[in-house]
Structure formats: structure tokens, C-alpha cells
Amino acid sequence: MKKRQKKNGGSPMDPLRQSPSPSSSRASSPRTLPCEMLGYVGIEAVLDQLKIKAMKMGFEFNIMVVGQSGLGKSTMVNTLFKSKMWKSTMLGLGVPTPQTLQLQSVTHVIEESGVKLKLTVTDTPGFGDQINNDKCWDPILGYINEQYEQYLQEEILITRQRHIPDTRVHCCVYFVPPTGHCLRPLDIEFLQRLCRTVNVVPVIARADSLTIEEREAFRHRIQENLKTHGIEVYPQKCLDEDVNDKVLNSKIRERIPFAVVGADREHIVNGRCVLGRKTKWGIIEVENMAHCEFPLLRDLLIRSHLQDLKDITHNVHYENYRIFRLNESHVLPRGPGWVNLAPAPASVPAPAGPQATPGPPKVCRWAKDNSDEEF
Amino acid sequence: MGEVGGGVVELRDSSGGRSPPSTQRSRSSAVSCAVAPVSAAPVAALAEAGAMAATDIARQVGEGCRTVPLAGHVGFDSLPDQLVNQSISQGFCFNILCVGETGLGKSTLMDTLFNTKFEGEPATHTQPGVQLRSNTYDLQESNVGLKLTIVSTVGFGDQINKEDSYKPIVEFIDAQFEAYLQEELKIRRVLHTYHDSRIHACLYFIAPTGHSLKSLDLVTMKKLDSKVNIIPIIAKSDAISKSELTKFKIKITSELVSNGVQIYQFPTDDELVAEINGTMNAHLPFAVIGSTEELKIGNKMMKARQYPWGTVQVENEAHCDFVKLREMLIRVNMEDLREQTHSRHYELYRRCKLEEMGFKDTDPDSKPFSLQETYEAKRNEFLGELQKKEEEMRQMFVQRVKEKEAELKEAEKELHEKFDRLKKLHQDEKKKLEDKKKSLDDEVNAFKQRKTAAELLQSQGSQAGGSQTLKRDKEKKKSKVVHLSMPGAPLAPPASVLTAAANRVHVLLLKAATWS
């Protein structure tokens, strides 16, 4: 039976190799005896039961798009979910550039073949648009940590709800402008901070301005940059479970960042109706793998790894936040329980969560592992 | 510009559609763009606003967040499959607790249910108390792996005094909840790999008397119904005839209802399974037979029990309800049992436990209580108590020492007094003795003087005449002188004086003798 292990690349101690709980009534995993069943029992019917329950309850997914204005974030979201999530914003014409970063969230319920998905898209207009972009990532980190905080508060209530509403950001899509050179300092700063708090998927935006060769070179340089600065984007290498996952994820990692083009208009090409951008020199088909890598992004985000994104957010990022939160009153340095997704260089401060949250944090402080002796 | 008509092709020319959201909303009902702008100039307020946005979203969802139709196949209908794959890789676990008297066929039923032979020897009837025996097995069917834990009571109902029979069971169930709660409250926890040992289903075996429930059964079920999902079953039901069985079932259900025992009801809220669950609910408690022997009936091998008067087939619905039990327990409601355990029984336990520890969500002023504050307060209280106790003990110690000291001092004083008294006595006696000795010495000296004077007189008298009398007196005196131990008395003094002196000396000697 496979279990998700947090394989820790950075710190020496495996966070799962904890000392066993002092409560004697629990064995960490009991001695199990394998048994052969001589006939059909019907255990696998539990899968159907699971499906029925899940479909009745519906799914939730929260995605955040970050990037400078004009990179086609809203269009991308519309293309991804094939619906008019956003009215694509076009600034100018009397609408002033937002002075500060504002976060906008939109929630929709979309349904397909009986599967209901409550989708929340958070946009960040104004990111990186100012002259001085110092600390422009703070509002974003603050928002993400605020969602974690909300979930934590709900979780530690005495009487808590049956199903805690999940507003945590599951995936953050970062749009890299297609300069063709390499990652800019702003990109690097932002990615470094964010990839430790949330799953980040970088994409090359407006990739139709690069030729295929330029694209490949750009991608290579970006990958180099990411490696140099120790930025682990999704899918994280240290969280690969087994061989199958490794193989699948390596293929994905080779192609990150995807070069995408967003379009929400339809055109007729060879008698088919396709989504694409029409230019004087041709029509760029969004869903054509030869033209751009949008299908890869869509498959990663929606068709194959959506549940995985949610799981990693819940099991890794949220737990990290929780540990940090519950420890902070003890002013402990980061212990071995912290899953190091990226070895932090000395200059990078601790996650900006507590700085951004307002007021005295209402935190639940439990005694540590041996809580029985206190109570 | 009115393009939206509920058709498939939704996406239109959006370049001209620069109209504000309000007109767009009024234009179509199918498309809604619920933009909730969050403006926050200072950073500190942003998080708060973020919370507001979240609550806005929540409210919108509550108000019926509008569905947006899709223009094409997006592909998230694979989500249930993704979820299932993830569950498969994690594995399932299911824990069954079998409560029933010894010899009712608990182990056999488990073997029959899961089509395998679990290890274990039958229990004796001589157990001094109720114990629980737990075994975990790894079952695999196609690609689904199940970690099955079967817990059985050993010695239930065998004692003469059965008052405490239910206690080990309740303690065991609570211990599993406690272990999960401890894991959940840890700072560094691994909930997704935690082996869930909480009991998901409790099969309560009722003895097939045919009359009614035993009081032991009622008491035990009443204690367990708020902690675990109870499914009562009639064991060894081939001992009851069909007509007796219906009466028995009716009696049991009425007794359970009248005593307020809440047994597990199969869920009827989902249309797919509502029907079958509804009918099954009417058949509770299930009358089951367990058997691991296979007999050839017709041309198939079936699990059955052979009697001289016939064969009872386990999987024949007309003979017993075993198939129904298997359907309900495993094939239809396993997930629901697990969910009820987690969301109802475990939450109840958690709530009670946390309230017992003194944590509240809101204090009397209905301000949300910070758990940290509560914790600090409790901790300070506890430390304060400890300090008080320490003080008390210290004071007691000091007091005792003082008392002991006083006692000792008194004793010392007494001793001193005694010593003084004795000393004084001794001195008095010594003084008396010395006085007497002195007086005696005085008298001896006086006698000596008189003696010398008398001798002088005698020497003068003997010169005058009267030597005969002197001779007689000399003899007398010689005999008398023998008695006398007076040193230096060679001369014979006159007889009268001598006798008087002798008498006096005699008396003096006597005195000295008494005083020596």
C-alpha cells in the first residue's frame, strides 16, 4: 500500500521519522497479516461509493494568476475553462493604473458530465506595474496566508463544520513576459518567496511573439535560472512518490515553463472551428500542440493533476503553515518538521505571513507532542 | 451586441464589449460575472479585505453562485477518477468491532463475510473479565487494498457479575478516538499517512433466544450508541424458525426504540442507494448464519451447514440475511460508515474532550475566545496552584520544626532543674555530715583535755597515800583500760574520776560509731 511520504531534500531529518507518540494505545502502524480471499467479497465497490459521495459534494478549486498587466492572464483563464470568467481587462481609456496591488476574486460553479466544480479565480492586477515594485509580493503572500489562517481557525474550533470551506489557493500560475532573455529580478524574487507557500506553475505568456527556437532557448535559460536560485516549481521533485510519478513528472518538468497563448475567439480553420488568434500572417491555434503548449498546461492543471495540486496544498503547504503558526509563540527556529521545498538563502526572510496579517493573531497554542502531562 | 443566447458558442467578440459589469449582468442570465473588487491601500487592511473577499465568495455561493455554461470540453470530469486514484494509492482502512457473548459465532461470521480464514483460536468461557482482541489484515481485491482490523470481545457475558462488562469496550473505543485526537492536535502531524484505528462499525451479536433482548445487551448498546455505529444482528439464526424470527425482530426493534438506543440507519438521502437502503432498514436486525464449510448443493459448491434434517445455505436469501448484511456493510455503505464515524462520533468525542479541558469557542461576553489566552490562563492557574502548595508545605515544615524545638528546650530545662536539686541535696547532706564530724572532734578534744587534767590530779593524789585503793583501782582501771582505745594514758587517775571519764568516753565512742 503506497503512502505519500514527504521526502525531504534539504534538511537531514526525514519529517516522517518522528518519535512515536507517547500514547500507548496507538501503534504507528499495526502488525498486519496478509490474507488471501478465496472469493469475491466486493471491497472494490467502495470506489464507487467514494465517487458517488464526491460527486454529490462537488469539488472546489482555487487558482491564482499573477503577472504584469497585458500578459493575457484573464484571457488565459477564460481559455482554460472555456467560459467567460473574466471580462478581459483592458486598461487605458481613462482608467488609471491601480496604484497598489489589488486582488480580485471571482467564483463560479461549472458543471461537466455531472461533476460540479466550484472554481475561484484570483487575479492580481497591478502586480509589477509600478515604478518601484519592492515588496509587491507582500499582498499576494498575505492573501494566501490569510486563506490558510481562515482554514486553520475553522479547523481548531470546538464545534466545527462538517465540511470546512476550502478557500486556500491550490495553484498559482505565474506569467513570465516573453522577453526571450532570462528571468528578471522581479520574477526571481517573487518565485523564490512563493514556491515555498503555494504550488507555482510558471508559464511563458504571449508565446506567439517568440519563434520555436527562441522559445526553446528561453525555456532553457529559465530552467537554468530556476535551478540556480533553488526555486522548486510544481511538480516538486521532492514530493514524487514512486517511480510512475517520477517518470510522469520528469516529463512535465522538462517542459516547464509552458509557452502558452490565450485566445477566446473562434475562427474557422480548414473547416473546423478553433480557438485562436488571427494575425495577418496566420492563425495561431491555441489547442494545436505545434503552435503552442496550451494543451499541456490545461492537462496539467485540470485533467491529470488537479487533485494532486489540492493534496499537496493540504498536506504540505498548509501543514507547514500550521507548524509555523503553532510554533511561533515559542520563537523556535525552523525545525526539521519543515518540508524544505527550496533551501532558503540567508538573505531571504521568513515567509511574510505574520507581517501581512492584521492585529494580534488568534492562534491556538497546544502543548507539543507530550500534551498529556499538562492536562 | 446581444450575443448570449444559451447556445454552445459562448465566447464572442469581447473587444467591443467594454461595458461595465452591471449591463452585462442585465443582458444575460446565463453568464454572470460576479466581480468582487477588493481595494485596500494599506497592506494591513488587505488581509482583512482578503477575508472579506472570501466571505463574499462564501455568501455568493450560499446565495446560489450562478453556474457558468462551458463552451467546450474542459476535462475536469476526470476529477472523480483522480480522487479515486489518489485514494487507491493511499489505501483504505476499515475497522469492525464484534461485540457478543462467547460462542455466538463472531469469528466464523467474519471469516464468512470476507471469504477467508482469519487466524485465532476460540475463546474459553473462563475469562475473569471482558477483554478485546484486535487483529489487522491486509486484503487485496483487484487494485483496491484494504487494511481490515477486526476487534472481538473475549469473555463478554461469561462473568457472574456483568455490571462492568461494557466498560472495557467503551474504553477501547475512546482510546482510539483519543489517539486520533492526539495526532490531530500535534504540531507536526502526518494525518494523511496516519493509520486510522477508530471503529467504523460495531456488529452487536444478539443471542437467538427468540424472546427479547437481554438486559446486558440493552445496557451495552445504550452505552455504545453515541460512540459508534451499531448494527445489531441475530447470531446463529438457524436456531429460530421463520415465524419466531419475525416476532423476535419486532420485539427487538420495539425494545430498542423504547429504550432510546440509536442504531445505525443506512443513509437514504442519495437517490442511487436510497431505495435499497430503505428496504434494508426495515429488515434490521439481520438474522445471520456463518459458515466456512463448503458443501456441494446441486452442482455448485456453497457455504452451508449440514443438519440431519436439511442443509442451511448461507448465501440463500430465503434462509438467512447474510447476503443483505454483506451488501450493506461492504458493498454499499462502507464509505458512509467511515464518514459517520469521522464526522459525527469523532466530532462529538472531540467536542466533549475539548470542553472538558476547558476550551471554549466564545467566552460569556460572546467574544471569540483566543485559545492561546485560555491556555495561558490555565497554565498560570496551574503554576499558581503548584506554588501555593509549595508554600503551604514549607510553612508546615517550619511550624513543626518550631514545635519540636520548644519541646526540646523544655526537656532541657527540666533536666537542669533536676540536676540542681540533686546537687543541692548532696551538698546539704555533706554539710550535715561535716557538722557532726566537727562536733565529734570537739568532744574528743574536750575529753582529751579532761583526761590529761584527770591524770595530773591522779598523779598528785597517789603521792598522798591510799595506794591499796589505787591498786584495786589500778586493776579496775587496767580492766577498764583494756576496753579503752585511748592512746597515751599510762597514769592511773582517781577511781571516781576514772569511772566517770570512762563512762563518758564510752558514750562518746558509741556516738562516733553511729556516725562513722
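Residues numbered from 1 in each chain as written. Chains lettered and ligands numbered in written order. Predicted model: local features only at pLDDT ≥ 70, side-chain atom pairs only at ≥ 80, totals over all residues. Heavy atoms only, no water.

- Per an unreviewed UniProt entry, the recorded name for chain B is Septin-6 isoform X1, and the organism is Physeter macrocephalus.
- Regarding chain B, the UniProt comment filed under Sequence similarities (unreviewed entry) reads as follows: "Belongs to the TRAFAC class TrmE-Era-EngA-EngB-Septin-like GTPase superfamily. Septin GTPase family." (UniProt positions renumbered as here; feature names shortened; annotations may be inferred.)

- For chain A, an unreviewed UniProt entry supplies the name Septin and the organism Physeter macrocephalus.
- Note on chain A: under the UniProt heading Function (unreviewed entry), the record states "Filament-forming cytoskeletal GTPase."

1. Regarding the sheet that holds strand β8 (residues 294-297) of chain B
Residues and elements named next belong to chain B.
Argument step 1. With antiparallel pairing, three strands are arranged side by side in an open sheet as β8-β9-β10. Edge positions in the open sheet fall to β8 and β10 (310-313), since each of these has one partner strand only. Across this sheet, the average inter-strand angle for adjacent strands is 65°, counted without regard to direction.
Argument step 2. As defined by bridge partners, strand β9 (residues 300-307) adjoins β10 across four bridges and the pair is classed as antiparallel. (Pairing = 2+ DSSP bridges. Helix = DSSP H or I, 4+ residues; strand = E, 2+ residues; numbered from the N terminus. Axes fitted to C-alpha atoms, helices over the stretch in contact; angles between N-to-C directions.)

2. Focus on a nonpolar patch on the surface
Residue and element names in this part refer to chain B.
Argument step 1. Where nonpolar side chains cluster on the molecular surface, the patch consists of Phe-382, Leu-383 and Leu-386 and spans about 270 Å² of accessible area.
Argument step 2. By secondary structure assignment, the location of Leu-386 is in helix α11 (residues 371-464).
Argument step 3. The partly exposed category is assigned to Leu-386, whose relative accessible area is 43%. (Patch = residues over 30% accessible without salt bridge, like charges linked within 9 Å, V, L, I, M, F, W, Y side chains within 5 Å. Areas by Shrake-Rupley, 256 points an atom, 1.4 Å probe, with all protein chains shown as cover. Salt bridge = Lys/Arg side-chain N within 4 Å of Asp/Glu carboxyl O. Buried < 20%, exposed > 50% of the residue type's maximum accessible area, 1.4 Å probe, protein only.)

3. Here we look at the sheet that holds strand β10 (residues 282-285) of chain A
Residue and element names in this part refer to chain A.
Argument step 1. Judged by pairing direction, the sheet is antiparallel, and its three strands sit side by side in the order β8-β9-β10 without closing on themselves. In this open sheet, the two strands that pair with only one neighbour each are β8 (266-269) and β10. With strand direction ignored, the average angle separating the axes of adjacent strands in the sheet is 65°.
Argument step 2. Sheet topology places β8 next to strand β9 (residues 272-279); four bridges connect them, and they run antiparallel.

4. Describing helix α8 (residues 306-327) of chain A
Turn by turn, an α-helix covers 3.6 residues, leaving residues three or four places apart pointing in a common direction.
Argument step 1. Between the first and last C-alpha of α8 of chain A there are 30 Å, a value that for 22 residues agrees with the 32 Å anticipated at 1.5 Å per step.
Argument step 2. The buried fraction of α8 of chain A amounts to 21 of the 22 residues, a majority that puts the element mostly inside the structure. (Expected span 1.5 Å × (residues − 1).)

5. Section: the pairing of strand β3 (residues 103-112) of chain A
Residues and elements named next belong to chain A.
Argument step 1. In terms of burial, β3 is largely enclosed, as nine of its 10 residues are buried.
Argument step 2. Bridge analysis of β3 against strand β4 (residues 115-123) gives nine bridges, and the strand direction is antiparallel. In the sheet register, Val-109 faces β4, and the bridge partner there is Lys-118.
Argument step 3. The antiparallel pairing of β3 with β4 creates a hairpin that spans two residues between the two strands, and Ser-113 there sits at a positive phi of about 50°.

6. Section: a negative patch on the surface
Argument step 1. Residues Glu-403, Glu-407, Glu-410, Glu-414, Glu-417 and Asp-420 of chain B make up a contiguous surface patch of negative charge.
Argument step 2. A residue is classified by how much of its surface remains accessible, and Glu-410 of chain B, at 53% relative accessible area, is exposed. (Lys, Arg positive; Asp, Glu negative; His and termini not counted. Charge placed at Lys NZ, Arg CZ, Asp CG, Glu CD.)

7. Topic: the environment of Cys-93 of chain B
All names here are of chain B.
Argument step 1. Mapped onto the fold, Cys-93 is located in strand β2 (residues 92-99).
Argument step 2. The exposure class of Cys-93 is buried, given its relative accessible area of 12%.
Argument step 3. Cys-93 sits 53 residues away from Leu-146 along the chain, and the two C-alpha atoms are 5.4 Å apart.
Argument step 4. In contact with Cys-93, other than residues within four places in its own chain, are Leu-146, Lys-147, His-195, Asp-196, His-200 and Arg-338. (Contact = heavy atoms within 4.5 Å.)

8. Side note on the side chain of Gln-82 of chain B
Argument step 1. One can find Gln-82 of chain B in helix α3 (residues 79-90).
Argument step 2. Among the polar contacts listed, one links the side chain of Gln-82 of chain B to the backbone oxygen of Ile-302 of chain A, at a separation of 3.0 Å.
Argument step 3. Look past the residues within four positions of Gln-82 of chain B in its chain and what remains in contact with it is Ile-302, Arg-303, Ser-304, His-305, Leu-306 and Gln-307 of chain A. (Polar contact = N/O pair within 3.5 Å; in protein donor to acceptor, adjacent residues only side chain to side chain.)

9. Remarks on the state of the cysteines
Argument step 1. With the rule as written, the count across this model stands at zero disulfides over all chains.
Argument step 2. Not engaged in a disulfide, the cysteine Cys-202 of chain B finds its nearest cysteine sulfur in Cys-98 of chain B; these two sulfurs lie 8.0 Å apart. (Disulfide = S-S within 2.5 Å.)

10. Focus on the packing of aromatic side chains
The geometry of an aromatic ring pair comes down to the distance between the two centres and the angle between the two planes.
Argument step 1. Taken as a whole and assessed by the stated rule, the structure comprises 15 aromatic pairs over all chains.
Argument step 2. Between Phe-127 of chain A and Phe-190 of chain A, the aromatic rings sit 4.8 Å apart at their centres with planes inclined by 65°, giving edge-to-face as the arrangement. With Phe-127 of chain A in the loop between β4 and α3 (138-155) and Phe-190 of chain A in helix α4 (residues 185-194), the pair connects residues that are 63 residues apart, well separated along the chain.
Argument step 3. On the basis of relative accessible area, Phe-127 of chain A is assigned to the buried category, the value being 1%.
Argument step 4. Taking relative accessible area as the criterion, Phe-190 of chain A reaches 0% and is therefore assigned buried.
Argument step 5. With a centroid separation of 6.3 Å and an interplanar angle of 55°, the aromatic rings of Tyr-148 of chain A and Tyr-318 of chain A are classed as tilted. Linking Tyr-148 of chain A in helix α3 with Tyr-318 of chain A in helix α8, this pair joins segments that are 170 residues apart in sequence.
Argument step 6. Among the aromatic residues, ring-to-ring pairing joins Phe-177, Tyr-180, Tyr-194, Tyr-346 and Tyr-349 of chain B into one connected group.
Argument step 7. Over the aromatic face of Tyr-151 of chain A sits the side chain of Arg-168 of chain A, whose NZ or CZ is 3.7 Å from the ring centroid.
Argument step 8. Between Arg-168 of chain A and the ring centre of Tyr-318 of chain A, over which it is positioned, the NZ or CZ distance is 4.9 Å. (Phe/Tyr/Trp six-rings, centres within 6.5 Å; stacked < 30°, edge-to-face > 60°. Lys NZ or Arg CZ within 6 Å of the ring centre and 35° of its normal.)

11. Some thoughts on unusual backbone geometry
Working note: non-glycine residues mostly have negative phi, and peptide bonds are mostly trans.
Argument step 1. Residues Tyr-234 of chain A and Pro-235 of chain A are joined by a peptide bond in cis, for which omega reads -5°.
Argument step 2. Of note, the amide linkage connecting Leu-284 of chain B to Pro-285 of chain B takes the cis form, showing an omega dihedral of -10°.
Argument step 3. Position of Pro-285 of chain B among the secondary structure elements: in the loop between α8 (271-283) and β7 (286-287).
Argument step 4. Although it is not a glycine, Ser-142 of chain B sits at a positive phi angle of roughly 45°.
Argument step 5. Tracing the sequence through the fold places Ser-142 of chain B in the loop between β3 (131-141) and β4 (144-154).
Argument step 6. Ser-142 of chain B gets classed as exposed once you look at its relative accessible area, which sits at 52%.
Argument step 7. The phi torsion at Lys-236 of chain B lies on the positive side, around 45°, for a residue other than glycine.
Argument step 8. Mapped onto the elements of the fold, Lys-236 of chain B is located in the loop between β6 (230-234) and α7 (242-259).
Argument step 9. We classify Lys-236 of chain B as partly exposed; its relative accessible area is 43%.

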